[in-house]
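What the coordinates show
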Amino acid sequence: MTVDRRGFLTGAAGAAAAAGLTTVAAAPARADAPQSAGVTKAAFPGSTDLRILVTGDAGTGARPQWQVADAMRALHAREPISFALGLGDNVYEQGPWADDDAQFSAKFEDPNHDLDFPWIMVQGNHDNSSILPGDGGWLLRGDHEVNYHQRSSRWFMPSRYYSVRVPHEQPIVEFFVLDLNPIAAYLPPLFAPYWAADGQFMTEQAAWLDRAIAESPAKWKIACTHHPYLNNGPHGNAGEYEGLNIAPINGIHVQDFFEQHVLGRCQFILSGHDHSLQVLDPNTASKGTRQLISGAAAKSVGGDKSKGTQNAALYENYNDLGFMVLDLTPSAADLRVMTVDLANGASSTAFQRRLA
């Protein structure tokens, strides 16, 4: 954001009426299940050896996004990728205006040409903008991204929250794609009970998630969100977002959601939001769940870090653009962090570790 974020957020607590819109969200779906879309969807692999591209905050359409995508294409040519995760902020700066908005081509399809595999997509705050870019105050806007699922062979977002099992039969991994924008918005929907922390949307999402995790036969259970639980970048940890103590825009309801429904049940939380690359260690509160942040596919925070709680990390990078590669087998989870040199477009492995 180009405005002073802290000043805007302090005032936003009293201006949330702008978010007073309601809708009935599409029922949660399994994106790996047979589709009725008007296009032929890219197929998820049947293999149990998976190479997953983990990227976020990409959708600018500007040259840095293309350079990072070029590095992804080069990697895909050497080591074929099974599918990708897009961790939100898919259409900067305001989000799409319709499900046939030309921004989908300019900021997703064109930069990612020849990366012709499924992309599991997450909603971000910029995808739901209202007054200012990224305020998360117009939650109806995100429905255009759900509807775009019917138009793109690669873009998978059958509903605002959903799950994906890979392989479809006898899965080794299930991804639980969450939409925490209603409880993380900088313009919280104070006058729209449907979107409230204890409202219909979040209550139904929590019940669905509890049931879906409990019923999942997969070894690996991975929560995919835009907003992180732990974060050493400038947005900070849930409950301390932006260094503010003003509820709910400090993310206190996000913290509660993670602690009640995700932690100790999933091995990983994959998030974007911060334009950085972070491999964080679990802490006592996270009950063994590890937070990964991959939000540097088009922008970086230029070295900026959180002024609040700092979490133990295996790797942190607040300057370089890049992405992550997660290799999953029935017995191991191996992670690489790839950074991209914008001077020559080459990527290099900045971090590599077996995490489980």
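Structure: above.
Residues numbered from 1 in each chain as written. Predicted model: local features only at pLDDT ≥ 70, side-chain atom pairs only at ≥ 80, totals over all residues. Heavy atoms only, no water.

Observations regarding the pairing of strand β11 (residues 290-294)
A regular strand places its side chains so that they alternate between the two faces of the sheet. The element β11 is extensively covered by neighbouring structure, given that 5 of its 5 residues are classed as buried. The alternating pattern of β11 places R290, L292 and S294 and Q291 and I293 on opposite faces, both of which are buried. Of the strand pairs in this sheet, strand β9 (residues 268-271) and β11 are connected by 4 bridges, and their pairing is parallel. For F268, the partnering residue across the bridge sits in β11 and is R290. (Buried < 20%, exposed > 50% of the residue type's maximum accessible area, 1.4 Å probe, protein only. Helix = DSSP H or I, 4+ residues; strand = E, 2+ residues; numbered from the N terminus. Pairing = 2+ DSSP bridges.)

Regarding the packing of aromatic side chains
One pass over the full model with this rule turns up 18 aromatic pairs. Between Y148 and W155, the ring centres sit 5.3 Å apart and the planes meet at 85°, which makes this aromatic pair edge-to-face. A residue is classified by how much of its surface remains accessible, and W155, at 0% relative accessible area, is buried. Measuring from ring centre to ring centre gives 5.6 Å for Y315 and F351, while their planes differ by 35°; the resulting arrangement is tilted. You can see Y315 sitting in strand β12 (residues 313-317) and its partner F351 sitting in strand β15 (residues 347-354), a full 36 residues away along the chain. (Phe/Tyr/Trp six-rings, centres within 6.5 Å; stacked < 30°, edge-to-face > 60°.)

Here we look at the nonpolar core
With 59 residues, the main nonpolar core has F175, F323 and L328 as its most contacted residues. The greatest single-element share of this core, amounting to 6 residues, is contributed by strand β13 (residues 321-328). Membership of the second largest hydrophobic core comes to 30 residues, among which are W195, F257, F258 and I269. (Core = buried A, V, L, I, M, F, W, Y, C linked by side-chain atoms within 4.5 Å.)

Focus on unusual backbone geometry
Glycine aside, negative phi is the norm for most residues, and most peptide bonds take the trans geometry. Of note, the bond from Y92 into E93 is cis; its omega dihedral lies within 30 degrees of zero at -10°. With respect to the element layout, E93 can be found in the loop between β3 (83-86) and α3 (103-109). Between V166 and the following residue, P167, the backbone shows a cis peptide bond with an omega angle of -15°. By the element assignment, P167 lies in the loop between β6 (162-166) and β7 (173-177). We note that D89 has phi near 55°; this positive angle belongs to a residue other than glycine. The topology assignment puts D89 in the loop between β3 and α3.

Observations regarding the sheet that holds strand β4 (residues 119-121)
Taken in spatial order, the 7 strands line up as β5-β4-β3-β2-β13-β14-β15 in an open sheet, and their pairing is mixed. Every other strand in the sheet has two partners, leaving β5 (155-156) and β15 as the edge strands with one partner each. Seen against the sheet, helix α2 (residues 63-78) touches β2 (50-55), β13, β14 (333-340) and β15 and runs at an angle of roughly 30° to β13. (Contact = heavy atoms within 4.5 Å. Axes fitted to C-alpha atoms, helices over the stretch in contact; angles between N-to-C directions.)

Quick word on the pattern of salt bridges
Applying the stated rule across the entire model yields 17 salt bridges. Note that E79 is salt-bridged to R336, the shortest N-O span being 2.9 Å. Of this pair, E79 sits in the loop between α2 and β3 while R336 is found in strand β14, placing the two residues 257 residues apart along the sequence. The partner of D281 in a salt bridge is R290, with the nearest N and O atoms 3.0 Å apart. Look at D281 and you get partly exposed, because its relative accessible area is 23%. Assessed through its relative accessible area of 12%, R290 is described here as buried. (Salt bridge = Lys/Arg side-chain N within 4 Å of Asp/Glu carboxyl O.)

Topic: empty space enclosed by the protein
Evaluated as defined, the whole model comprises 1 cavity of 30 Å³ or more. Reported here for the largest cavity is a volume of approximately 150 Å³. Elements represented by at least two residues in the lining of the largest cavity include exactly α2, α3 and β4. Ranked by the residues each element gives to the lining of the largest cavity, the list is headed by α2, at 4 residues. Its residues assigned to classes, the lining of the largest cavity shows 10 nonpolar, 8 polar and 3 charged. (1 Å grid on protein atoms, 1.4 Å probe; cavity = no way out; pocket = protein on both sides within 12 Å on 5 of 7 lines; lining within 4 Å. Points joined across faces, edges and corners; volume = space filled by probe spheres on them. Nonpolar A, V, L, I, M, F, W, Y, C, P; charged D, E, K, R; others polar.)

Function cannot be read off these values alone, since they describe shape.
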